[in-house]
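Inside the fold
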Amino acid sequence: MEKTKGELLKEQLFLKSENATNLLSDAELQKVQDFCEPYKKFMDDAKIENEAVAVTVELLEKKGYRPFEAGKKYMPGEKFYSSNRGRALIFGTMGSRPIEQGVKILASHIDSPRLDLKQRPLYESEELALLKTHYYGGVRKYQWVARPLALHGDVYKKDGSVVHVTIGEDENDPVFMVSDLLPHLSKDQNERKLKDGIKGEELNVVIGSQMFKDDKASEKVKLNILNILFEKYGIIEGDFLSAELTMVPAGKSKDVGLDRSLVGAYGHDDRVCAYTSLMAELDYTEENPEWTSVVVFADKEEVGSDSNTGLHSSFLKYFIADLAAAFNVPARTVLSNSKCLSADVSAAFDPTFPEVFERRNSSFLNYGVCIVKYTGSGGKNGTNDCYAKFAGDVRRVMDDAGVIWQTGELGKVDQGGGGTVAKFISALNVDVIDIGVPVMAMHSPFEIVAKTDVYMTYRAFYEFLKAKL
Ligand code: MN
Ligand code: MN
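Let me sum up the structure you'll find in this document.

The rules behind each value
- Residues numbered from 1 in each chain as written.
- Chains lettered and ligands numbered in written order.
- Predicted model: local features only at pLDDT ≥ 70, side-chain atom pairs only at ≥ 80, totals over all residues.
- Heavy atoms only, no water.
- Helix = DSSP H or I, 4+ residues; strand = E, 2+ residues; numbered from the N terminus.
- Rg over C-alpha atoms; globule rule 2.2 N^0.38 Å.
- Buried < 20%, exposed > 50% of the residue type's maximum accessible area, 1.4 Å probe, protein only.
- Donors = N, O, S within 2.8 Å, 3.2 Å for Na, K, Ca; no water.
- Pairing = 2+ DSSP bridges.
- Axes fitted to C-alpha atoms, helices over the stretch in contact; angles between N-to-C directions.
- Contact = heavy atoms within 4.5 Å.

Across its full length, the protein chain carries 12 helices and 23 strands. Its C-alpha atoms give the protein chain a radius of gyration of 24 Å, near enough to 23 Å, the size a compact globule of 469 residues would have. Overall, the protein chain is about 85 × 60 × 45 Å in size when its C-alpha atoms are taken along their principal axes. Counting over 469 residues, the protein chain shows a buried share of 51%.

Shown next as structure tokens:
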């Protein structure tokens, strides 16, 4: 049957979008599945930022990356990494293009919402030992009760030594939990608004109940817990001040769905973009790269990018200055000619809650990597609104390479909003656009992503690094 004039015109003029699981061949879908297996392992090994840095550095070392030396004149093909306090990471490969013509930046974040321990967390109440927490990032508090939690983090002891703690991930490890009321006694709690269903000061973690056997001491349950921590890690109560200890959901990432098309895990936001940018960098630099690649894993995005390991600080700017110094090029020249993908997740349309989304401008699971021209809340407050020419360049690169992509805004204009690291990088006069994987149940203890989108995001990052821009 011949197509009508209208059908042909529609093909020519309309923006097409199609479900990637329908579009991709069986062989390509197998590739997608294979790509996500090591991704799940990465998610399990790197639940917090310092673990993500450690796991990544180990891999980079194997691939020939070496600690960055400020002032060194890097030759094309040389690979470097620079850890910021073990909490953030910059790595990349020197390209053949002169540094004054700019670099390509892929910037994601490796911190995720969670329950941090307070500075004096441990207490005993009614012969139970508990930990006070201070939630980190955008947490819906009611989601964190009555589920297994694991303790992760670093403790810096008085003598300067550091202990890394992970309890609750091994099959034989104990786990922890925040209690909630039984339905039989929750009459008053049921009347609370959902946002107060569990309050911040009710996020107390049960950590023990057994007494230290002694006739005279008081707080014997707390004492017993401190004794266990001391015997195992040499930690004393004062060490909590110089610690970054946090409670995260215990357990491994999993395929979701009978068709295994989705991955459920804690912290896809934003380690899914960190992992895909890492894979893109490793594959891109196998040949002789033209553009210098600079991959950034930032910390503290979930709390507004503040602190010296977040991108609101100067660590990226200083790094570029140190990289360019050997060529007698000012950092501002490099940055002003640089291009950046702010690699962060978008909110996938959720059919159970359609009312918060504006369907035509939402991202959907399995529709590919999501390009977000602007972020912010209300009237684009706190936005990075990408220069349209650069948005066009990125779109062309994706189309030419056959990367499946879509666009998306967080939700309805007046419903809320949010930002990413994009605005801090664009503040350095870099061209920046947001792009990443759509996530459902974002910031919950078990977020889901579609495997085709993870794969397309990897491809998008790879093609961006490779592209002549
Ligand atoms: Mn994010
Ligand atoms: Mn987030």
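So that's the structure; there's more coming.
Next up on the list: the coordination of the manganese ion (ligand 2). Around the manganese ion (ligand 2), the protein contributes the donor atoms Asp-269 (OD), Glu-302 (OE), Glu-302 (OE) and His-443 (NE2), which lie 2.1 to 2.6 Å from the metal centre. In this structure, the manganese ion (ligand 2) is positioned 3.4 Å from the manganese ion (ligand 1), and both are ligated by Asp-269. Residue Glu-302 is found in the loop between strand 14 (293-298) and helix 8 (315-325), and its partner His-443 is found in the loop between strand 22 (438-439) and strand 23 (447-450); the two are separated by 141 residues along the sequence. Accessibility expressed as a relative area gives 16% for His-443, which makes it buried.

Moving on to the sheet that holds strand 12 (residues 254-256). A sheet is described by the order of its strands in space; here 3 strands give the open sequence 12-13-23, paired in antiparallel fashion. With one partner strand each, in any of the chains shown, strand 12 and strand 23 form the two edges of the open sheet. For this sheet, the mean angle separating the axes of adjacent strands, direction not counted, is 35°. With 4 bridges joining them, strand 13 (residues 262-265) and strand 23 adopt antiparallel strand pairing. Across the sheet, Gly-264 pairs through a bridge with Ile-448, a residue of strand 23. In the packing of helix 12 (residues 451-466) onto the sheet, the strands contacted are strand 12, strand 13 and strand 23, and the crossing angle to strand 23 comes to about 70°.

Reading across from one edge, 8-7-11-5-6-10-9 is the order of the 7 strands in this open sheet, with antiparallel pairing throughout. The outermost strands of the open sheet, each flanked by one partner alone, are strand 8 (162-167) and strand 9 (177-178).

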